[in-house]
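Report on the structure
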Amino acid sequence: MLRDRIRDAFGNNRIDFMKRQKVLVLYLADSALDAHVIAWAQYDGTAKAEHMAGDAEEPPYMSGLAALRDGWRLIQMTPMLPHAPGAEFTTAYLKYEFLFEQWVDVDG
Amino acid sequence: MAERVLLTSQQMASFVARGFLRFESIVPDDINQQFLDEVGRPPQPGESVRKAYAKLLSASGIPAVPAGTALSDSYPADSAITRLLNLPVVRGAIESLVGPDARFDHHFLHVTFPPEFYEARGLPNVSQHTHQDSTIDPRRAFDIQIMYYPHDVTREMGGTRFVPGTHLRVVSEAAVARYQNIRGQQHVVCPAGTLLVLHHGIWHGGGVNRSDRLRYMFKIRINPTVRQERLWDTSDLPNDHYEQRPIFLIKEAPDPTNVHTILTTPEPWFEADTGRLEYLNRIRMWRFLLGDKRFDADYWLTRIENEPVASTHA
């Protein structure tokens, strides 16, 4: 099988086919990681949980820091950009997005 | 002229701040039943949702109406929707928000199907992504959307999800879909005959239906044909409406019914900094509706508009 041939080529320590990614997106009240959560989204690559719009009234964590302390790995946060002249008062998308991941073992 | 009950200043301010008004059980049962009769026989599980939808829409007694038709000419005189639109509170709300000669934009019968329709076809039964209707729309003028719930809606039936206070955000339709859950979101669980009157920009989505019956929601989008200035009952505006109040260091809790308070009340999802921009944008919208740039609430605009021209040098 292709999977076995790749394993032979790279070794089991290099590629682990028995892991799946979980993604957590937290929107915080300001740019600090310990600010409180105002919106959130979750996507579960293990398919053990099905998340969708409107499925919870309370966030999984109260802050970004709480997620870190529970083992989530921060992989991206929104950069802070200067305000475009003439659009200083326009509100649009949520500003403070923090993207986390976990890699979890799944049964092969 | 047909009887109508115009909105109060408090209701208008709440619409400006939160982007919606809710009228619980405002439509009588006989109109609700007439509407459901006009919709026709509900589809049965087993056929695809898409086909069931198409069949329902084509067989229903709800007319297809060209966009841009005068609202008053859009429905047969004895139809359930004409009777609904002529209810004094509904007529008054429409006239207060978009004026006396409003224009029909479009309508749609939203049907949320129960799980058995999806199970029969092996499809996932999920909620609709959060979105803003139409497309990116930075106008000051606004359309309204009436959402009509002709039967009881339970939490199990999903209900429409919407996020109060998001209507002034300039976003592009489903670009906000990534926000699965937002603090303060509401799910429309309501008795039959309930109406929501929404600003066109409010973020919303259909909830997943886990019950054993179809959920109907009929939506009508309505445009103004006149400038939206002082169309509501302004007789209740107080004499001190243009005066400033003490801010930050205050001695007593603000009156929650005061327009200034309504315009400066945050939503649970407000960011620390852009929450203040929401206040500015609400105040600007209130100025637009008043037709008067002198208005301010809690000094938010006065402070940043202060560019003195007087000089101390002769």
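In this report, we go over the structure that sits alongside the text. (Residues numbered from 1 in each chain as written. Chains lettered and ligands numbered in written order. Predicted model: local features only at pLDDT ≥ 70, side-chain atom pairs only at ≥ 80, totals over all residues. Heavy atoms only, no water.)

The next thing to look at is the overall build of chain A. Across its full length, chain A carries two helices and four strands. Reading chain A from its N terminus to its C terminus gives the helix and strand order α-β-β-α-β-β. For chain A, buried positions account for 30% of its 108 residues. Of the contacts made within chain A by residues no fewer than 6 positions apart, 63% connect residues no fewer than 24 positions apart. (Helix = DSSP H or I, 4+ residues; strand = E, 2+ residues; numbered from the N terminus. Buried < 20%, exposed > 50% of the residue type's maximum accessible area, 1.4 Å probe, protein only. Contact = heavy atoms within 4.5 Å.)

Moving on to helix H1 (residues 9-18) of chain B. Residues and elements named next belong to chain B. Inspection of H1 places Ser9, Met12, Ala13, Phe15, Val16 and Ala17 among the buried residues, and these make up the whole buried set. Residues of H1 that are buried make contact with strand E1 (20-23), helix H5 (88-98), strand E3 (144-149), strand E7 (194-199), helix H7 (259-263) and helix H8 (274-290). Following H1 by one or two positions, Gly19 adopts a phi angle in the positive range, close to 85°.

This part is about the pairing of strand E1 (residues 19-28) of chain A. Bridge count for E1 of chain A against strand E4 (residues 97-105) of chain A is nine bridges, and the pairing is antiparallel. For Lys19 of chain A, the partnering residue across the bridge sits in E4 of chain A and is Asp105 of chain A. (Pairing = 2+ DSSP bridges.)

Residues and elements named next belong to chain B. Across the sheet, five strands lie side by side as E1-E7-E3-E9-E2; this open sheet has antiparallel pairing. Edge strands, defined here as strands with exactly one partner in the open sheet, are E1 and strand E2 (103-112). Across the sheet, the axes of successive neighbouring strands diverge by a mean angle of 15°, strand direction being ignored. Relative to strand E9 (residues 215-223), E3 is paired through five bridges, and the arrangement is antiparallel. Bridging across to E9, Ile144 finds its partner in Ile222. The strands that helix H3 (residues 49-59) touches are E2 and E9; relative to E2, the one it contacts most, it runs at about 135°. The strands touched by H5 within the sheet are E1, E3, E7 and E9, with E3 carrying the most contacts at an inclination of about 160°. (Axes fitted to C-alpha atoms, helices over the stretch in contact; angles between N-to-C directions.)

With 32 residues of chain A in contact, the opposing surface of chain B contributes 39 residues. Summed over both partners, the interface of chain A with chain B buries about 2800 Å², with 50% contributed by carbon and sulfur atoms. Among the residues chain A hides against chain B, the three largest losses belong to Phe89, Thr91 and Tyr93 of chain A. Together they make up 25% of the total. If you look at where chain A meets chain B, you find three salt bridges. Among the ionic pairs, Arg178 of chain B bridges to Glu97 of chain A, the shortest N-O distance being 2.7 Å. Summed over the shared surface of chain A and chain B, the number is 24 residue pairs in polar contact (both at pLDDT 80 or more). Secondary-structure elements contributing two or more residues to the side of chain A that touches chain B are E1 and strand E2 (37-44) of chain A. With seven residues, the top contributor of residues to the side of chain A that touches chain B is E2 of chain A. The class makeup of the residues in the side of chain A that touches chain B is 20 nonpolar, five polar and seven charged. Bridge analysis of E2 of chain A against strand E5 (residues 181-182) of chain B gives two bridges, and the strand direction is antiparallel. Across the sheet, residue Ala39 of chain A finds its bridge partner in E5 of chain B, namely Ile182 of chain B. (Buried area = accessible area lost by both parts, 1.4 Å probe. Salt bridge = Lys/Arg side-chain N within 4 Å of Asp/Glu carboxyl O. Polar contact = N/O pair within 3.5 Å; in protein donor to acceptor, adjacent residues only side chain to side chain. Nonpolar A, V, L, I, M, F, W, Y, C, P; charged D, E, K, R; others polar.)

We describe a pair of aromatic rings using the distance from one ring centre to the other and the angle between the two ring planes. Residue and element names in this part refer to chain B. Overall, the coordinates contain 16 aromatic pairs over all chains when judged by the stated rule. Their ring planes at 80° and their centres at 4.8 Å tell us that Trp269 and Phe270 sit as a pair that is edge-to-face. Of the two residues, Trp269 and Phe270, neither departs from the other in class, the shared state being buried. Judged by centre distance (5.7 Å) and plane angle (50°), the rings of Tyr279 and Trp300 are tilted. Of the two residues, Tyr279 sits in helix H8 while Trp300 sits in helix H9 (residues 300-304), which places them 21 residues apart along the sequence. Summarising the burial analysis for this pair, Tyr279 and Trp300 share the class buried. (Phe/Tyr/Trp six-rings, centres within 6.5 Å; stacked < 30°, edge-to-face > 60°.)

Residue and element names in this part refer to chain B. Among the secondary structure elements, Glu95 is positioned in helix H5. Here Glu95 falls in the buried class, since its relative accessible area comes to 13%. Each residue touching Glu95, except ones within four places of it in the same chain, is listed here: Arg4, Leu6, Pro100 and Leu231.

Taking strand neighbours across the sheet as the criterion, the five strands line up as E3(A)-E4(A)-E1(A)-E2(A)-E5(B) in an open arrangement whose pairing is antiparallel. Two strands lie at the open edges of the sheet, namely strand E3 (73-77) of chain A together with E5 of chain B, each paired on one side alone. As paired elements, E3 of chain A and E4 of chain A share four bridges and run antiparallel to each other. Following the sheet pairing, Met77 of chain A is matched in E4 of chain A by Phe98 of chain A.

What follows concerns the side chain of Ser60 of chain B. Residue and element names in this part refer to chain B. For Ser60, the location among the structural elements is in the loop between H3 and helix H4 (80-85). With a relative accessible area of 11%, Ser60 lands in the buried category. A distance of 3.4 Å separates a polar atom in the side chain of Ser60 from the backbone oxygen of Leu57. With residues near it in sequence (within four places) discarded, Ser60 still touches Glu38 and Val39.

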